[in-house]
Amino acid sequence: MQLNLKARDWHNWLSVLLVVPMLLVGFTSIFLAHKKELGLNDIDLTPYVAWLPGYGESGRRAQAPEVRSTATLTDGRVLIGTQNGLFEVVGTSAHAIPELGGDQIRDIAELPWGIVVAAKAGVWLSQDGRWQRVVAGDAWNAHRHPDGSVSVTLKDRGIVSSNDGREWSPPPRCVRC
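Residues numbered from 1 in each chain as written. Predicted model: local features only at pLDDT ≥ 70, side-chain atom pairs only at ≥ 80, totals over all residues. Heavy atoms only, no water.

**Details of the overall build of the chain**
Along its length, the chain carries 4 helices and 11 strands. In the chain, buried positions account for 29% of the 177 residues. About 13000 Å² of surface is accessible on the chain, with carbon and sulfur atoms providing 58% of the total. (Helix = DSSP H or I, 4+ residues; strand = E, 2+ residues; numbered from the N terminus. Buried < 20%, exposed > 50% of the residue type's maximum accessible area, 1.4 Å probe, protein only. Areas by Shrake-Rupley, 256 points an atom, 1.4 Å probe, with all protein chains shown as cover.)

Okay, structure coming up:
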């Protein structure tokens, strides 16, 4: 028996063997780069793999709200701002505040005239137990000043301030700055 080793045959078979891993890497990179647009992260496999060690517990932890900020008010109430809304602690349970349900809460500030909450959907104000959005936009923090005013940082507008929660304007500019 005679072996017929042709260089072209070896080259062809070697290229076929090497192109398969390259295609796998290429397709994987496309799926990783476009997983959000393709909706690849929207599939919850937790019910199907809960029997595997670690998966069932991590699925339960994913459903728990991620705490972003807390505030203990002067009347003793406790507010908890989470990734999924604002909650008021009553006894040993937390009750969701429906107006801010599902909104990402970033900061809470209590003032003499009300409670100000900085959230992804804007600045919210609670006066007399009623919540309403007073400034639209992506709000990041609420800072209480000693004079009773509050400043909130908005993503697109910068810092806005208010003395009563109704009128919001940029803070006065520093003359010496």
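Resuming the write-up.
**What to know about the packing of aromatic side chains**
The geometry of an aromatic ring pair is captured by the separation of the ring centres together with the interplanar angle, meaning the angle of the planes. One pass over the structure, following the stated rule, counts 0 aromatic pairs. Above the ring of W140, the side-chain terminus of R106 is found at 3.6 Å from the ring centroid. (Phe/Tyr/Trp six-rings, centres within 6.5 Å; stacked < 30°, edge-to-face > 60°. Lys NZ or Arg CZ within 6 Å of the ring centre and 35° of its normal.)

**Examining the sheet that holds strand β10 (residues 150–154)**
Hydrogen bonds along the backbone pair up the strands of a sheet, which may run parallel or antiparallel. Strand order in the open sheet formed by 3 strands is β9-β10-β11, and the pairing between neighbours is antiparallel. At either end of the open sheet lies a strand with only one pairing partner, and these are β9 (139–144) and β11 (158–162). Adjacent strand axes in the sheet meet at a mean angle of 20°, parallel and antiparallel pairs treated alike. In terms of strand pairing, β9 meets β10 through 5 bridges, oriented antiparallel. (Pairing = 2+ DSSP bridges. Axes fitted to C-alpha atoms, helices over the stretch in contact; angles between N-to-C directions.)

**Here we look at the nonpolar core**
Membership of the largest hydrophobic core comes to 15 residues, with the highest contact counts inside it found for V116, V123, A142, V150, V152 and W168. Looking at this core element by element, the count peaks at 3 residues for β10. Counting 13 residues, the second-largest nonpolar core is a separate cluster that includes L73, V117, A119 and W131. (Core = buried A, V, L, I, M, F, W, Y, C linked by side-chain atoms within 4.5 Å.)

**Thoughts on the environment of R68**
Mapped onto the elements, R68 comes out in strand β1 (residues 67–72). Once the C-alpha coordinates of R68 and I105 are considered, the two residues, 37 residues apart in sequence, prove to be 6.7 Å apart. The residues contacting R68, other than those within four sequence positions of it, are G81, T82, Q83, Q104, I105 and R106. Only 2.3 Å separates the side chain of R68 from the side chain of Q83, close enough to count as a polar contact. (Contact = heavy atoms within 4.5 Å. Polar contact = N/O pair within 3.5 Å; in protein donor to acceptor, adjacent residues only side chain to side chain.)

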